[in-house]
Amino acid sequence: MNEIQPSGHVKQLRRTRNGRIVAGVCSGVGQYIGIDPNILRIVLAVASFFGGLGIGVYAVAWLLIPSEEKNASIVQDLIEKNKDNPTWLDVKAKTQEGWAKATKSHNGHQATAPVDPYTVHPYAQTKQPND
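Residues numbered from 1 in each chain as written. Predicted model: local features only at pLDDT ≥ 70, side-chain atom pairs only at ≥ 80, totals over all residues. Heavy atoms only, no water.

**Here we look at the packing of aromatic side chains**
The description of an aromatic ring pair rests on the distance of the ring centres and on the angle between the ring planes.
Right, so step 1: Under the definition given, this model contains 1 aromatic pair.
Right, so step 2: Measuring from ring centre to ring centre gives 6.3 Å for Tyr-58 and Trp-62, while their planes differ by 75°; the resulting arrangement is edge-to-face. Of this pair, Tyr-58 and Trp-62 both sit in helix H3 (residues 53-64), 4 residues apart, roughly one helical turn. (Phe/Tyr/Trp six-rings, centres within 6.5 Å; stacked < 30°, edge-to-face > 60°. Helix = DSSP H or I, 4+ residues; strand = E, 2+ residues; numbered from the N terminus.)

**Overview of the packing of helix H2 (residues 37-48) against H3**
Right, so step 1: Where H2 contacts H3, the two axes come as close as 5 Å, and the packing angle between them is 125°. In this view, H2 runs oblique relative to H3, as classed from their interaxial angle. Between H2, through Leu-44, Ala-47 and Ser-48, and H3, the contact on the second element is made entirely by Leu-53, Gly-54, Ile-55, Val-57 and Tyr-58.
Right, so step 2: Looking at the contact of H2 with H3 residue by residue, the classes come out as 6 nonpolar, 2 polar and no charged. (Axes fitted to C-alpha atoms, helices over the stretch in contact; angles between N-to-C directions. Parallel < 35°, antiparallel > 145°, perpendicular 65-115°, else oblique. Contact = heavy atoms within 4.5 Å. Nonpolar A, V, L, I, M, F, W, Y, C, P; charged D, E, K, R; others polar.)

**Thoughts on the side chain of Arg-15**
Right, so step 1: With respect to the secondary-structure elements, Arg-15 resides in the loop between strand S2 (10-12) and helix H1 (25-33).
Right, so step 2: For the buried residue Arg-15, which engages in no salt bridge, the nearest side chain bearing the opposite charge is Glu-69, 6.5 Å off.
Right, so step 3: Here Ala-23 takes part through its backbone oxygen, which lies 3.2 Å from a polar atom of the side chain of Arg-15.
Right, so step 4: The contact partners of Arg-15, leaving out residues within four places of it in the chain, are Arg-20, Ala-23, Gly-24, Val-25, Gly-28, Trp-62, Ile-65, Pro-66, Ser-67, Glu-68 and Ile-74. (Buried < 20%, exposed > 50% of the residue type's maximum accessible area, 1.4 Å probe, protein only. Lys, Arg positive; Asp, Glu negative; His and termini not counted. Salt bridge = Lys/Arg side-chain N within 4 Å of Asp/Glu carboxyl O. Polar contact = N/O pair within 3.5 Å; in protein donor to acceptor, adjacent residues only side chain to side chain.)

**Considerations on the layout of surface pockets**
Right, so step 1: For the largest pocket, the calculated volume is near 170 Å³.
Right, so step 2: Residue lining of the largest pocket: 10 residues in total, with Lys-11, Gln-12, Arg-14, Thr-16 and Gln-31 positioned closest to the centre.
Right, so step 3: The set of elements that each furnish at least two residues to the lining of the largest pocket consists of S2 and H1.
Right, so step 4: Split by residue class, the lining of the largest pocket holds 2 nonpolar, 5 polar and 3 charged. (1 Å grid on protein atoms, 1.4 Å probe; cavity = no way out; pocket = protein on both sides within 12 Å on 5 of 7 lines; lining within 4 Å. Points joined across faces, edges and corners; volume = space filled by probe spheres on them.)

**Digging into the packing of H1 against H2**
Right, so step 1: Following both chains from N to C, one finds H1 and H2 inclined at 125°, their axes separated by 8 Å at the closest point. One finds that H1 runs oblique with respect to H2. Both H1 and H2 take part in a crossing whose hand is right-handed. Contacts between H1 and H2 involve Cys-26, Ser-27, Val-29 and Gly-30 from the former and Pro-37, Leu-40, Arg-41 and Leu-44 from the latter.
Right, so step 2: In the contact of H1 with H2, the residues fall into 5 nonpolar, 2 polar and 1 charged. (Left-handed = near helix turned anticlockwise from the far one by under 90°.)

The following block contains the structure:
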């Protein structure tokens, strides 16, 4: 995420080292949006009491937001390092195959328009050849 400042400087969302307590997520997000990181920490702590939501959000942000000394996040680094790995290529192919199946209609053709439910209903009236 980038934001252009009036001075022409590009503001980027990064995990910071300054004010870091665990991984720098709250300090980086707080600096990016302009609020006190302690407010974010309190919000995440409260959200943690509701099924661990705060911990999950923090963990995902830790994986997706790059550190200030790097250009890529942890996930981007993993993908880049393993992009030629046969296991990764197999997962990618299966994901694409599954997506293709999920976006096809019931008769095997690509779904382009909504289907009228009365024409595919099992009790829909159809003309018999002897009518």
